[in-house]
Amino acid sequence: MVARDLTTDLTALAELVAGGGVLALTGAGLSTDSGIPDYRGADGKRRFQPMTAQELLASPAARRRYWARSYVGWPRFAAAEPNDGHRAVAALQHAGLVGPVITQNVDGLHQAAGARNVVELHGSLTHVVCMHCGERYERSTVDAWLQLANPDFDRSADGPLRPDGDVAIAESLIGGFRLVHCVVCGSDLLKPDVVMFGESVPKPLVEHCFAQVHAARAVLVLGSSLAVMSGYRFIRRAVREHIPVAVVTHGWTRATDEEVSVRVDAPLGETLTALAAALTG
Ligand SMILES: NC(=O)c1ccc[n+]([C@@H]2O[C@H](COP(=O)([O-])OP(=O)(O)OC[C@H]3O[C@@H](n4cnc5c(N)ncnc54)[C@H](O)[C@@H]3O)[C@@H](O)[C@H]2O)c1
Ligand SMILES: [Zn+2]
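Since the structure is predicted, the reported quantities are computational estimates derived from the model, not experimental observations.

Secondary structure assignment for the chain yields ten helices and nine strands. In terms of overall size, the chain behaves like a compact globule, its C-alpha atoms giving a radius of gyration of 20 Å where 281 residues would be expected to give roughly 19 Å. Projected onto the principal axes, the alpha-carbon positions of the chain cover approximately 55 × 35 × 35 Å. Here the chain displays about 12700 Å² of accessible surface, and carbon together with sulfur accounts for 55% of that area. When the 26 positive and 30 negative side-chain charges of the chain are each reduced to one mean point, those points stand 5 Å apart.

Listed below in structure tokens is the structure:
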């Protein structure tokens with residue numbers, strides 16, 4: 001395999017995006033500069049084990065564990081702000097070069113940076129859903145209930161924020177955490193309104209995204225290992241439809257060199273800022 005030259009690849013990237021009609025497919029790597037860690041990192045290996053939906057629903061003990069850790073992480077996750085990469089995507093979109101954004105992120109930072117037409121493939125941590133009756137709540141509402149139910153719980157643990165928006169806390173704290181209940185049906189089967197591991201993206205949403213791929217002139221992957229099929233399938237579809245794919249991500253991706261026309265292994269913030277400056281003047 002011939003090693004690719006970075007300068008050439010940036011030029012190739014700029015040429016591809018300059019033609020417009022670009023669909024952006026983004027992942028956790030775009031939000032690491034905002035303080036939200038990714039799952040995999042450059043070697044493609046998963047660094048931690050997220051809780052599955054099945055585990056969450058299986059027992060009150062699992063739900064106490066999930067919600068106690070998430071309760072500690074939420075103020076930090078909610079305070080995360082968009083970074084240069086998100087701003088550059090919005091600028092490219094406003095300039096008419098990037099069209100829809102399909103994001104695997106659940107942090108709302110594309111929209112906070114001013115992007116429009118964003119599909120949240122895996123939902124958003126800003127909402128909570130009752131798995132018993134389907135009622136949906138704002139996360140801020142559920143957070144207020146949790147505060148009322150846990151007035152003495154110390155949420156200032158200083159461990160690092162983890163990719164799911166939670167913080168690892170002492171096991172001894174978890175047992176005393178009090179769950180809150182759906183006000184419609186009384187169940188404690190509350191789940192963040194995101195596609196957790198073990199769940200799949202709703203079919204109509206997948207079809208909508210396939211249509212966006214079909215309508216695109218090029219697909220631009222930003223900060224995703226593409227390890228999860230829910231994002232990688234759009235690359236497969238693009239390749240099948242002879243739509244060029246560019247990837248800007250550090251390290252390994254599931255997409256092969258045969259599938260990718262342009263690959264840039266460089267920091268997203270700087271790379272996208274330079275790209276937006278070059279193309280939007
Ligand atoms: N911010 C979030 O909302 C968030 C965070 C973590 C995980 N998740 C969820 O986990 C899944 C993870 O899959 P994924 O493919 O999105 O992420 P991933 O963790 O599998 O891959 C992230 C990729 O981005 C690269 N990267 C990280 N920082 C970078 C930077 N500054 N510049 C260039 N590259 C950088 C990493 O090397 C890695 O290849 C998603 O489905 C998502 O739902 C979401
Ligand atoms: Zn309910």
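The rest of the description comes next.
Here we come to the pattern of salt bridges. Side-chain pairs of opposite charge can arise where the charged atoms are in close proximity. The final tally for this structure, using the stated rule, is nine salt bridges. The network of salt bridges with common partners includes Arg-69, Arg-162 and Asp-166.

Once that is clear, we can look at the site of ligand 1. Taken together, the neighbourhood of ligand 1 is formed by 29 residues, with Tyr-39, Gln-104, Val-106, Ser-224 and Ser-225 sitting nearest. Contact between ligand 1 and Gly-29: a nitrogen atom at 3.4 Å from a main-chain N or O atom of the residue. In this structure, Thr-32 approaches ligand 1 through a side-chain N or O atom, which is 2.9 Å from a nitrogen atom. Here ligand 1 has 870 Å² of accessible area as a free molecule, and 95% of this is covered by the chains. When atom positions are compared with the pocket grids, ligand 1 is found to occupy the largest pocket. Across the shell around ligand 1, the residue classes break down as twelve nonpolar, 13 polar and four charged.

The next subject is the domain arrangement of the chain. The domain boundaries assigned to the chain delineate domain 1 (1-36 + 82-122 + 200-281) and domain 2 (48-79 + 124-194). On a C-alpha basis, the centroid separation for the pair domain 1 and domain 2 is 31 Å. When domain 1 packs against domain 2, close to 510 Å² is buried across both sides, 67% of that on carbon and sulfur atoms. In terms of surface lost to domain 2, no three residues of domain 1 exceed Ile-36, Val-106 and His-122, which account for 73% of the buried area on that side. Here domain 1 and domain 2 share zero salt bridges between them.

With that settled, the discussion passes to the pairing of strand β6 (residues 190-194). For β6, the buried fraction is high: four of the five residues fall into the buried class. As defined by bridge partners, strand β4 (residues 123-130) adjoins β6 across four bridges and the pair is classed as antiparallel. Pairing of Cys-130 across the sheet is with Leu-190, part of β6.

With that settled, consider the environment of Lys-191. With respect to the helices, strands and loops of the structure, Lys-191 is situated in strand β6. For Lys-191, a relative accessible area of 3% translates into the label buried. Sequence separation between Lys-191 and Asp-143 is 48 residues; the distance between their C-alpha atoms is 13 Å. Not counting residues within four places of it along the chain, the set of residues in contact with Lys-191 comprises Leu-56, Trp-67, Val-128, Val-129, Met-131, Met-196 and Glu-199. Reaching out from Lys-191, the side chain makes a polar contact with the backbone oxygen of Val-194 at a distance of 2.7 Å.

Turning our eyes to something else, we now look at helix α8 (residues 203-215). Across its 13 residues, α8 extends 19 Å between first and last C-alpha, which sits within 8% of the 18 Å expected from 1.5 Å per residue. Looking at α8, one finds that the buried residues are Val-206, Cys-209, Phe-210, Gln-212 and Val-213. Viewed end-on, α8 has its buried residues packed into an arc of 160°, placing them on one side of the element. Among the exposed residues of α8, those pointing more than 90 degrees away from its buried face are Pro-204, His-214 and Ala-215. Looking at the buried positions of α8, the neighbouring elements they touch are β1 (22-26), β2 (98-103), β3 (118-120) and α9 (229-240).

Take the side chain of Ser-31 next. Within the element layout of this structure, Ser-31 appears in the loop between β1 and α2 (53-58). When neighbours within four sequence positions are excluded, Ser-31 is seen to be in contact with Ile-36, Asn-83, His-86, Asn-105, Asp-107 and Leu-109.

Below, the discussion takes up the coordination of the zinc ion (ligand 2). For the zinc ion (ligand 2), every protein donor is listed as Cys-130 (SG), Cys-133 (SG), Cys-182 (SG) and Cys-185 (SG), and the spread of their distances is 2.3 Å. Coordination at the zinc ion (ligand 2) comes from four donor atoms whose angles at the metal span 104 to 115°, giving a geometry best classed as tetrahedral. In the primary structure, the donors to the zinc ion (ligand 2) are separated according to the pattern C-x2-C-x48-C-x2-C.

By the definition in use, this model includes eight aromatic pairs. When the centroid spacing of 5.4 Å and the interplanar angle of 50° are considered together, the rings of Tyr-71 and Phe-177 count as tilted. In this pair, Tyr-71 is assigned in helix α3 (residues 60-79) and Phe-177 in the loop between α7 (171-174) and β6, connecting sequence segments 106 residues apart. The exposure classification of Tyr-71 matches that of Phe-177, with both residues buried. Ring-pair connections join several aromatic residues into one group, and the members of that group are Tyr-71, Phe-153 and Phe-177. Over the ring of Tyr-71 we find Arg-155, and its NZ or CZ is 3.7 Å from the ring centre. The side chain of Arg-237 reaches across the aromatic face of Phe-210, ending 3.8 Å from its centre.

The rules behind each value
Residues numbered from 1 in each chain as written. Chains lettered and ligands numbered in written order. Predicted model: local features only at pLDDT ≥ 70, side-chain atom pairs only at ≥ 80, totals over all residues. Heavy atoms only, no water. Helix = DSSP H or I, 4+ residues; strand = E, 2+ residues; numbered from the N terminus. Rg over C-alpha atoms; globule rule 2.2 N^0.38 Å. Areas by Shrake-Rupley, 256 points an atom, 1.4 Å probe, with all protein chains shown as cover. Lys, Arg positive; Asp, Glu negative; His and termini not counted. Charge placed at Lys NZ, Arg CZ, Asp CG, Glu CD. Salt bridge = Lys/Arg side-chain N within 4 Å of Asp/Glu carboxyl O. Near = heavy atom within 4 Å. Polar contact = N/O pair within 3.5 Å; in protein donor to acceptor, adjacent residues only side chain to side chain. 1 Å grid on protein atoms, 1.4 Å probe; cavity = no way out; pocket = protein on both sides within 12 Å on 5 of 7 lines; lining within 4 Å. Sits in = over half its atoms within 2 Å of the grid points. Nonpolar A, V, L, I, M, F, W, Y, C, P; charged D, E, K, R; others polar. Domains from an automatic or database assignment. Buried area = accessible area lost by both parts, 1.4 Å probe. Buried < 20%, exposed > 50% of the residue type's maximum accessible area, 1.4 Å probe, protein only. Pairing = 2+ DSSP bridges. Contact = heavy atoms within 4.5 Å. Expected span 1.5 Å × (residues − 1). Arc of directions from axis to C-beta. Donors = N, O, S within 2.8 Å, 3.2 Å for Na, K, Ca; no water. Tetrahedral: all angles 85-135°; square planar, octahedral: opposite > 155°, others 65-115°. Phe/Tyr/Trp six-rings, centres within 6.5 Å; stacked < 30°, edge-to-face > 60°. Lys NZ or Arg CZ within 6 Å of the ring centre and 35° of its normal.

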